[in-house]
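A look at the structure
The chain contents come next:
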There are 2 protein chains.
Amino acid sequence: MAVVVQKYGGSSLENADRIKRVAERIVNARKAGDEVVVVCSAMGDTTDELLDLAERVNPVPPEREMDMLLTAGERISNALVAMAISALGAEARSFSGSQAGVITDSAHGKARIIDVTPGRVQQALDEGYIVLVAGFQGVSQDTKDITTLGRGGSDTTAVALAAALKADVCEIYTDVDGVYSADPRIVPNAKHLKTITYEEMLEMAAAGAKVLHLRAVEYARRYGVPIHVRSSYSNKPGTTVSGSVEALPVEQALITGVAHDRSEAKITVTSVPDHPGQAAQIFRVVADAEIDIDMVVQNVSGATSGRTDITFTLSKSEGPRAVAALEKAKPQIGFDQVLYDEHVGKVSLIGAGMRSHPGVTATFCEALARAGVNIEIISTSEIRISVICRDTELDDAVRALHGAFDLGGEEEAVVYAGTGR
Amino acid sequence: MAVVVQKYGGSSLENADRIKRVAERIVNARKAGDEVVVVCSAMGDTTDELLDLAERVNPVPPEREMDMLLTAGERISNALVAMAISALGAEARSFSGSQAGVITDSAHGKARIIDVTPGRVQQALDEGYIVLVAGFQGVSQDTKDITTLGRGGSDTTAVALAAALKADVCEIYTDVDGVYSADPRIVPNAKHLKTITYEEMLEMAAAGAKVLHLRAVEYARRYGVPIHVRSSYSNKPGTTVSGSVEALPVEQALITGVAHDRSEAKITVTSVPDHPGQAAQIFRVVADAEIDIDMVVQNVSGATSGRTDITFTLSKSEGPRAVAALEKAKPQIGFDQVLYDEHVGKVSLIGAGMRSHPGVTATFCEALARAGVNIEIISTSEIRISVICRDTELDDAVRALHGAFDLGGEEEAVVYAGTGR
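The shown structure was predicted, so the numbers you read here are calculated from the model rather than taken from an experiment. (Residues numbered from 1 in each chain as written. Chains lettered and ligands numbered in written order. Predicted model: local features only at pLDDT ≥ 70, side-chain atom pairs only at ≥ 80, totals over all residues. Heavy atoms only, no water.)

A closer look at the interface of chain B and chain A
Applicable threshold: Should any heavy atoms of two residues lie within 4.5 Å, those residues are considered in contact. Buried area is understood as the total, over both parts, of accessible area removed when two parts are fitted together, assessed with a 1.4 Å probe. By definition, a salt bridge exists where a carboxyl oxygen of Asp or Glu is found within 4 Å of a side-chain nitrogen of Lys or Arg. N or O atoms within 3.5 Å of each other form a polar contact, as long as, within protein, one can give a hydrogen and the other can take it, and as long as residues adjacent in sequence are counted only when both atoms are side-chain atoms. Here a strand is any run of E in DSSP of at least two residues, a helix any run of H or I of at least four, and the numbering for each starts at the N terminus. Residues are grouped as follows: Ala, Val, Leu, Ile, Met, Phe, Trp, Tyr, Cys and Pro are nonpolar; Asp, Glu, Lys and Arg are charged; all remaining types, including Gly, are polar.
Counting residues at the interface gives 39 residues for chain B, matched by 39 residues for chain A. Interface area for chain B against chain A, summed over the two sides, is near 3,300 Å², with a carbon-plus-sulfur share of 63%. When the buried surface of chain B facing chain A is broken down by residue, Val57(B), Arg75(B) and Met83(B) rank first, second and third, together holding 22% of it. Of the charged contacts, one joins Asp145(A) and Arg120(B) as a salt bridge, the two residues approaching to 3.1 Å between their closest N and O atoms. Summed over the shared surface of chain B and chain A, the result is 18 residue pairs in polar contact (both at pLDDT 80 or more). Among the secondary structure elements, those contributing two or more residues to the side of chain B that touches chain A are helix 1 (16–31), helix 2 (46–57), helix 3 (63–87) and strand 3 (92–95) of chain B. Looking at the side of chain B that touches chain A, the element that brings in the most residues is helix 3 of chain B, giving 16 residues. For the side of chain B that touches chain A, the class distribution of residues is 23 nonpolar, seven polar and nine charged.

What about the relation of the copies chain B and chain A?
Filter applied, for reference: When the copies are overlaid, the least-squares fit takes in C-alpha atoms only where the residue has pLDDT of at least 70 in both copies.
Superposing chain B onto chain A takes a rotation of 179° plus a shift of 0.1 Å along the axis, which leaves an RMSD of 0.1 Å. Taken together, the rotation and translation describe the operation of a two-fold axis. Measuring from the rotation axis to each C-alpha of chain B, the shortest distance belongs to Ala72(B), at 2.5 Å. Residue by residue, 100% of the interface of chain B is reproduced at the interface of chain A, so both copies engage with the same surface.

Observations regarding the UniProt feature "binding site: substrate" (unreviewed entry) in chain A
All names here are of chain A. Going by this rule: UniProt positions are given in the numbering used here, feature names are shortened, and annotations may be inferred rather than shown by experiment.
UniProt feature "binding site: substrate" (unreviewed entry): in the numbering of this structure it lies at Thr47 and Glu74. Their sequence span is 28 residues, while the largest C-alpha to C-alpha distance among them is just 9.0 Å; these annotated residues converge on one region. With respect to the secondary-structure elements, Thr47 resides in helix 2 (residues 46–57). As for its placement among the helices and strands, Glu74 is situated in helix 3 (residues 63–87).

Focus on the pattern of salt bridges
Put simply, the rule reads: The rule is simple: take the accessible area with a 1.4 Å probe, protein chains only, and divide by the maximum for that residue type; under 20% is buried, over 50% is exposed, in between is partly exposed.
All chains considered together, the criterion is met by 44 salt bridges over all chains. Of the charged contacts, one joins Asp294(A) and Lys346(A) as a salt bridge, the two residues approaching to 2.6 Å between their closest N and O atoms. With Asp294(A) in strand 15 (residues 293–298) and Lys346(A) in strand 18 (residues 344–350), the pair connects residues that are 52 residues apart, well separated along the chain. The exposure class of Asp294(A) is partly exposed, given its relative accessible area of 35%. As a salt-bridge pair, Glu318(A) and Arg321(A) come within 3.0 Å of each other at their nearest N and O atoms. Connected via shared salt-bridge partners are Arg64(A), Glu65(A), Asp145(A), Arg93(B) and Arg120(B).

Here's the deal with helix 4 (residues 119–126) of chain A
Residues and elements named next belong to chain A. Short version of the rule: Summarising the geometry, the arc corresponds to the directions from the helix axis toward the C-beta atoms.
Looking only at helix 4, the buried set comprises Val121, Ala124 and Leu125. The buried residues of helix 4 occupy one face: seen down the axis, they fall within an arc of 100°. Gly128 lies just past helix 4 and shows a positive phi near 95°.

Re the packing of aromatic side chains
Each aromatic ring pair is described using two quantities: the centre-to-centre distance and the angle formed by the ring planes. All names here are of chain B. Basically, it comes down to this: In this scheme Phe, Tyr and Trp rings, the latter by its six-membered ring, pair at centre separations within 6.5 Å, and the angle between planes marks the pair as stacked below 30 degrees, edge-to-face above 60, and tilted otherwise. Two limits define a charge over a ring: the Lys NZ or Arg CZ must be within 6 Å of the ring centre, and within 35 degrees of the ring normal.
A complete count under the given rule lists six aromatic pairs over all chains for this structure. Ring centres of Tyr8 and Tyr173 lie 4.7 Å apart, and the angle between their planes is 10°; on these two criteria the pair is classed as stacked. Of this pair, Tyr8 sits in strand 1 (residues 3–8) while Tyr173 sits in strand 9 (residues 169–174), and the two are 165 residues apart along the sequence. Of the two residues, Tyr8 and Tyr173, both sit in the buried class. Of note, Arg93 hangs over the ring of Tyr129, and the distance from its end group to the ring centre comes to 4.8 Å. Looking at Arg222, its charged tip hangs above the ring of Tyr219, at a distance of 5.5 Å from the centre.

Focus: the environment of Lys144(A)
Assignment of secondary structure puts Lys144(A) in the loop between strand 7 (137–140) and strand 8 (146–148). Classification of Lys144(A) as partly exposed rests on a relative accessible area of 48%. Each C-alpha atom of the pair Lys144(A) and Ala54(A) lies 23 Å from the other, and the pair is 90 residues apart in sequence. Apart from residues lying up to four places away in sequence, Lys144(A) is in contact with Val139(A), Gln99(B) and Arg120(B). Only 3.1 Å separates the side chain of Lys144(A) from the backbone oxygen of Gln141(A), close enough to count as a polar contact.

Here we look at the UniProt feature "binding site: ATP" (unreviewed entry) in chain A
Residues and elements named next belong to chain A. Summarizing the sequence annotation, UniProt attributes the feature "binding site: ATP" (unreviewed entry) to Lys7, Tyr8, Gly9, Gly10, Thr174, Asp175, Tyr180, Arg185, Lys210 and Val211 in the numbering used throughout. Spatial dispersion of the annotated residues is evident: they stretch over 205 residues in sequence, and the largest pairwise C-alpha distance comes to 24.4 Å. On the secondary structure map, Gly9 appears in the loop between strand 1 (3–8) and helix 1 (16–31). The contacts of Gly9, once residues within four sequence positions are left out, are Ser41 and Tyr173. With respect to the secondary-structure elements, Asp175 resides in the loop between strand 9 (169–174) and strand 10 (195–196). On the basis of relative accessibility, which here comes to 4%, the residue Asp175 falls in the buried class. Polar side-chain contacts of Asp175 include one of 3.2 Å to the side chain of Thr174.

What about the nonpolar core?
Cut-off, in case you're wondering: Residues enter a nonpolar core if they are buried and are Ala, Val, Leu, Ile, Met, Phe, Trp, Tyr or Cys, with the set joined through side-chain atoms within 4.5 Å.
Leu80(A), Ile85(A), Leu80(B) and Ile85(B) are the most contacted members of the largest nonpolar core, which has 74 residues in total. Here Leu80(B) is in contact with Leu53(A), Ala54(A), Val57(A), Leu69(A), Ile19(B) and Met43(B), once residues within four sequence places are set aside.

Concerning the state of the cysteines
All names here are of chain B. Formally: Only a pair of cysteine sulfur atoms within 2.5 Å counts as a disulfide in this structure description.
Inspection of the entire model under this criterion finds zero disulfides over all chains. There is no disulfide at Cys170, and the cysteine sulfur nearest it, in Cys40, is 12 Å away. The class of Cys170 is buried, set by a relative accessible area of 0%.

Here we look at the side chain of His228(B)
Residues and elements named next belong to chain B. Relative to the helices and strands, His228 resides in strand 11 (residues 227–231). Within the local environment of His228, its side chain forms a polar contact with the backbone nitrogen of Gly238, the two atoms lying 3.1 Å apart. Aside from chain neighbours lying at most four places away, what touches His228 is Val169, Cys170, Glu171, Ile172, Pro237, Gly238, Thr239 and Thr240.

Some thoughts on the packing of helix 1 of chain A against helix 3 of chain A
Residues and elements named next belong to chain A. Here is the rule we go by: A fitted line through C-alpha atoms represents every axis, and for helices the fit uses only the stretch in contact; the resulting angles, taken between N-to-C directions, go from 0 to 180 degrees. Crossing handedness: left-handed means the near helix sits turned counterclockwise from the far one by under a right angle, and right-handed means the same turn made clockwise.
Contact geometry for helix 1 and helix 3: axes closest at 9 Å, N-to-C directions at 65°. Here helix 1 and helix 3 pass one another in a crossing that is right-handed. Across the interface between the two elements, Ile19, Lys20, Ala23, Ile26 and Val27 from helix 1 touch Leu80, Val81, Ala84 and Ile85 from helix 3. Among the residues forming the contact of helix 1 with helix 3, the class breakdown is eight nonpolar, no polar and one charged.

Examining the sheet that holds strand 13 (residues 257–261) of chain A
Residue and element names in this part refer to chain A. Using the following cut-off: We call two strands paired when DSSP finds no fewer than two bridges between them.
Taken together, four strands build an open sheet; the order of strands is 13-18-20-19 and the sheet is antiparallel. Two strands in the sheet have a free side with no partner beyond their single neighbour: strand 13 and strand 19 (377–381). Adjacent strand axes in the sheet meet at a mean angle of 20°, parallel and antiparallel pairs treated alike. In the sheet, strand 18 pairs with strand 20 (residues 384–390) via seven bridges, with the strands oriented antiparallel. Paired with Gly345 across the two strands is Cys389, which belongs to strand 20. Each of strand 18, strand 19 and strand 20 is contacted by helix 10 (residues 360–370), which is oriented at about 20° to strand 20, the strand it contacts most.

In structure tokens, the structure reads:
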């Protein structure tokens, strides 16, 4: 008997009818003979509604109370799914994150999982129940307060439970039927990928592919949990994320796909004194404001001026705070000005085969040049090349790369509306 | 430093503005030097919305999951009140019922409190925090599952916490400013009561006065917790519930008030064989369906027929189930028919002085007769007389009794819209 962990996103649960449909799928899995553990996100807009209420009573709410508030959303959806399962004649028990043994640190709003002790979950499985666990939440090891795991939290809950229960697979149900070689809304003949390695999926997620969250993939890689990304609206096979790039035959994989990201902004700090440690000061200021940066480039210093420009990208949502923090630190760092640019896009090419096939970078740059896309920043990893360009040129860039590396499938991809959480 | 437990009902919390107003009242109490513990019900319509969602996924939802679902409502309101308190510069911590140590039996939907172990609440108080506790919920001692306390649950949570913390007073904030000698919507000169004993309040609550729930008053009496019923919309003194009828000087109290109840129905089982145990069988059938009955009357048996009619009252909401259960048991009990009547009302006169003043029953019946109200059933306790009459005559009956016992105050009572939970 296989142990299967299934995770359903908020859009799959946004009303009573969708909840019933999810319940049918769960009961079918149980009837097929599997032991089933289900992790649900909050229903549709619940989280946004709660955030809105919080904003109205306190624009800067205490994080501990924010976690107490938001975790109500997942309790509601899980209890409702348990009821819908019961209406189909099967038996289910729902547990909060705390009851399911999801133990975290005390960083409210972005807690990290320290341990999963699924004693009650295992016992309920042994007694024949379908088990539901509220995603996105845990309990702090030190303070016993309720915590939330932050973005992608429910995916992470599912993978962590799968690891702790030694599940055979963690199925992530979403509104697309897996991972594609590019966004089918931009590239109509994008190819559906049957399998992808953890490393490639990590690079795809980091480069903007929204189908899976980085943290969940990292967790799955660490514990060797196979993830199966599937659509909650069809029975088509999805994409299996498993295995390592190292284990791939050199000839098998070349390029996996093209990812893009519209959520970043670019900051340039001009005329920074070119002494050792000046760049570090800039990044320290941003880090102290708890803002993550993505790509970084430092222009070659002008030989005579002794000054240099430093450019980096970050999430648009953090942009204004980063600019304010830098402006405040201007006297001590001594730069000229902070330039902020929201009209950028990022396009990335990902593929395990890149390691062993020279010439990929050249083909990459030629394809963008032919499409009239100007490269503003470029950065590479062993299995990824990313560039920043104008946001207006982003779709062209995605199509140009997808075509140049011959990634297309034979049929047109099916596009679903909406995105999961 | 006094320890004060405050409880706010759902209508006092139905939107962000009301939550802010409640937060101000709480912070003022803290600033006045008290240690403050607050119990909040779910916001306004939250519970109804959750019940509606549950109904749509499963018309007969499992009770365990219903409790998991409904308890989300109180977590939301408590976290929001904590945030609103923080916005006023004070510090608050909210706890779920389970975290606050509210330990219950496993009767989902109507759990009884077994023990309150408020270690975390006391610690947070000692650290200077205002403490919020989600009302209406607890955790089962045996199964560690989340439970709810049923109707009046948040009042009971507040009183139980007050008892466990040895609080000086338990303030119940609602939409009226206390207990009146009758419903001011029916009797315009109903008198506001400054104090009332536990026993009288119990009789008033059992007789239909909605301002406090029976269970909470019972709990308060057992542990000697003074309750102060107040309006959350004014600073007027409310009604203090404390002390025993036994301790009252005989001369002081005569009649306290008139209560009425429109929520009951009347069932008559006709021509029941008049053997010992036949009535018991009828009540066993109803009890086995977990339905509470209120008043009972058995007609004098016809001398020749050897058969009798048995009449009792119960909540209208349970009526159809009771009728069905009785019809099912008809062959074994052997009665003629079950008559069901929803068009009844109950009016009660309550007063500690009744014990020592003869003639109250006579005055009572005369007053109703003068008002043209026909008495269908009558039942009495040491400090209460209740009768069932036609529902269309109920308001007249209330006014007639209020007048006959001279219960009116000098000014007109202020009437608020809505009712608390």
